[in-house]
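A structural walkthrough
Below are the chains, spelled out letter by letter.
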Amino acid sequence: METCPVPDAIDDRSRPAIHPPIRVSAMLVPARARCVAAFALLLAVTATAETAGGYASLVRRAAPSVVTVLVVQSGESAGQRAANRAAMESGDGNVAAVLGRLFSGTPGAGAAGSPPTGLGSGFVIRADGLIVTNRHVIAGARLIRVRLPGGREVPATIMGVDAATDLALLKVSAGMLPALSISSSNDVAIGDPVIAIGNPFGLGQTVTAGILSARGRVLEEDPYIDFLQTDAAINFGNSGGPLLAMDGTVIGVTSAIVSPSGGSVGLGFAIPGETVKAVVEELQAHGIVWRGYLGISAQPMTASLSRALGVAPAAGALVTAVDSDGPSARLLSVGDVLLRLDATPVSFTTLGKVTGRIKPGTTIDATVVRRGATLHVPLTLGQLPDPPSGVEPNGGADTWVASLGLGVADTTAEIRRAIKADGEPSGVIVTQVRPSGAGAMAGLRVGDLLTHAGSEQLTTPQQLAQAMSPSEAVPLLLRVVRGGQPRFVAVTGMPEP
């Protein structure tokens, strides 16, 4: 019998010992081959031991770089509260949870009467305190603090944000911090193990494990990102945390889940590492990511639409709206089919990504089919605008309408979408109902969207407050949307027969 020494290259003293030196019978193979076979067997045993023993070594390396991002924002608006209550009463659960951003407000956080504290996750990418998180975690924040793994909290400043990819870059002054490296998700194959680290529901730093389930997922709310999908359990509060490969590099930033219940069902999504790396470089250099913008809305082409529009085969993106103040105003028209930007073919699913990669101010040649004729239209791209953030899009406080016995509040596109009224351009939401009031007697409920009083389109609560008082002789006609279904209600101040 002969002993093969263990090579120094795999002498990792952080691992448990792998028994005594491996011995191979001299009768079976020559001496050199015996050592090669023993080395290969040792590597296999070591890899099996690492997997069987869990992810402890990886977590020890990565966890000190993962932080909690604490934000103080304005309180939830009256309209949002009404939408959430209506959803709960209808059995829909959390209206935002079917496709939910992983942001969490900690129940009971803050002193009585103080603004609620929300939280997300983040991770250090540079030792001097540069931190990556999600934009939606800090959107509208009045105050941002970062809690380090040891419990110390430090204030953070925003270095830059990118709405298109939902990424943000923060900076803290906390001495030298352990940093993680960002790598391409293409280095990891579907089926490879991954782990997620974050602070779900404010419980504290938590590690979950799974596999990379899929790549190239496009979610309706994020047309600029080809998400990674994982079954590693991620929940609200994980947002902005890292998705890690087994070598300890970040291959994604956890950002969204699909969940009818609001909890993890194994459908988690992360922004790919190569996207994160490119955006972070731009944010470090400029504080903004420059993205091209056409100022149009579009829909997919189908076989029947292609026949009707004279486009064969079904290709391109059908223009459904043109921003009157955008870069395509008076150059593109509703009904145009956009086929190419310069030499790059486009479709509904790729239009945003292709446009976003072009520098604003660049003039391109757009190939368009208009009324059966192929045209070449020169377009100079604008800068993709950020969506609004902060207090304004969340709506305001409610307004009491004494003549109806109702509280109503203004709405946003997000609130209308939450109550299944996303096809409505405006309206006010019912936030309170006095049981004996005229509105209650007409059958109105919290969460109803009121779009018209008589023939007047409602855009502000004040319009309804100034409407005439209803009577049995002269009812007030209201158009109401409930559960996505519009109907008219005649408010008389008397119980409905």
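Thresholds applied
Residues numbered from 1 in each chain as written. Predicted model: local features only at pLDDT ≥ 70, side-chain atom pairs only at ≥ 80, totals over all residues. Heavy atoms only, no water. Helix = DSSP H or I, 4+ residues; strand = E, 2+ residues; numbered from the N terminus. Buried < 20%, exposed > 50% of the residue type's maximum accessible area, 1.4 Å probe, protein only. Areas by Shrake-Rupley, 256 points an atom, 1.4 Å probe, with all protein chains shown as cover. Core = buried A, V, L, I, M, F, W, Y, C linked by side-chain atoms within 4.5 Å. Salt bridge = Lys/Arg side-chain N within 4 Å of Asp/Glu carboxyl O. Phe/Tyr/Trp six-rings, centres within 6.5 Å; stacked < 30°, edge-to-face > 60°. Pairing = 2+ DSSP bridges. pLDDT = per-residue confidence, 0-100. Polar contact = N/O pair within 3.5 Å; in protein donor to acceptor, adjacent residues only side chain to side chain. Contact = heavy atoms within 4.5 Å.

**Focus on the overall build of the protein chain**
When helices and strands are tallied, the protein chain shows ten helices and 31 strands. Taken across its 497 residues, the protein chain has 44% of its residues classed as buried. Entry remark: accessible area of the protein chain is about 23,700 Å², with carbon and sulfur atoms responsible for 57%.

**Concerning the nonpolar core**
Judged by nonpolar contacts, the single largest core of 27 residues is most densely connected at F123, I125, V132 and V276. By residue number, the principal contributor to this core is helix 5 (residues 273–286), which donates four residues.

**Regarding the pattern of salt bridges**
Taken as a whole and judged by the stated rule, the model has eight salt bridges. Salt-bridge contacts for E153 lead to R145; the nearest nitrogen and oxygen are separated by 3.4 Å. With its nearest N and O atoms 2.6 Å apart, the salt bridge here joins D162 to R291. Here D162 is found in strand 9 (residues 153–162), whereas its partner R291 is found in the loop between helix 5 and strand 17 (292–293), with 129 residues between them in sequence.

**Comments concerning the packing of aromatic side chains**
A full pass over the atoms with the stated rule returns two aromatic pairs. Ring geometry for F201 versus F236: centroids 6.5 Å apart, planes at 50 degrees, classification tilted. One end of the pair, F201, is in the loop between strand 11 (193–198) and strand 12 (206–219); the other, F236, is in the loop between strand 13 (222–230) and strand 14 (242–244), and 35 residues separate them in sequence.

**What to know about the pairing of strand 10 (residues 167–172)**
Of all six residues in strand 10, five are buried; the element is thus mostly enclosed. Note: strand 7 (residues 130–134) against strand 10, five bridges, orientation antiparallel. In the strand pairing of strand 10, L130 is matched with K171. Looking at chain direction, strand 9 and strand 10 are connected through six bridges and run antiparallel. Its bridge partner lying in strand 10, T157 is registered against K171. Between strand 9 and strand 10, which pair antiparallel and follow one another directly, the connecting turn spans four residues, one of which, D166, has a positive phi of 60 degrees.

**Focus on the confidence of the model for the protein chain**
For the protein chain, mean pLDDT is 80; residues scoring 70 or higher make up 77% of the total. Of all helices and strands in the protein chain, the one with the weakest mean pLDDT is strand 2 (residues 23–24) (33), whereas strand 14 scores best (97).

**Here's the deal with the side chain of N199**
On the secondary structure map, N199 appears in the loop between strand 11 and strand 12. A distance of 3.2 Å separates a polar side-chain atom of N199 from the backbone nitrogen of L203. Discounting residues that sit within four places of it in the chain, N199 has contacts with T68, L119, S121, G204, Q205, F236, G237 and N238.

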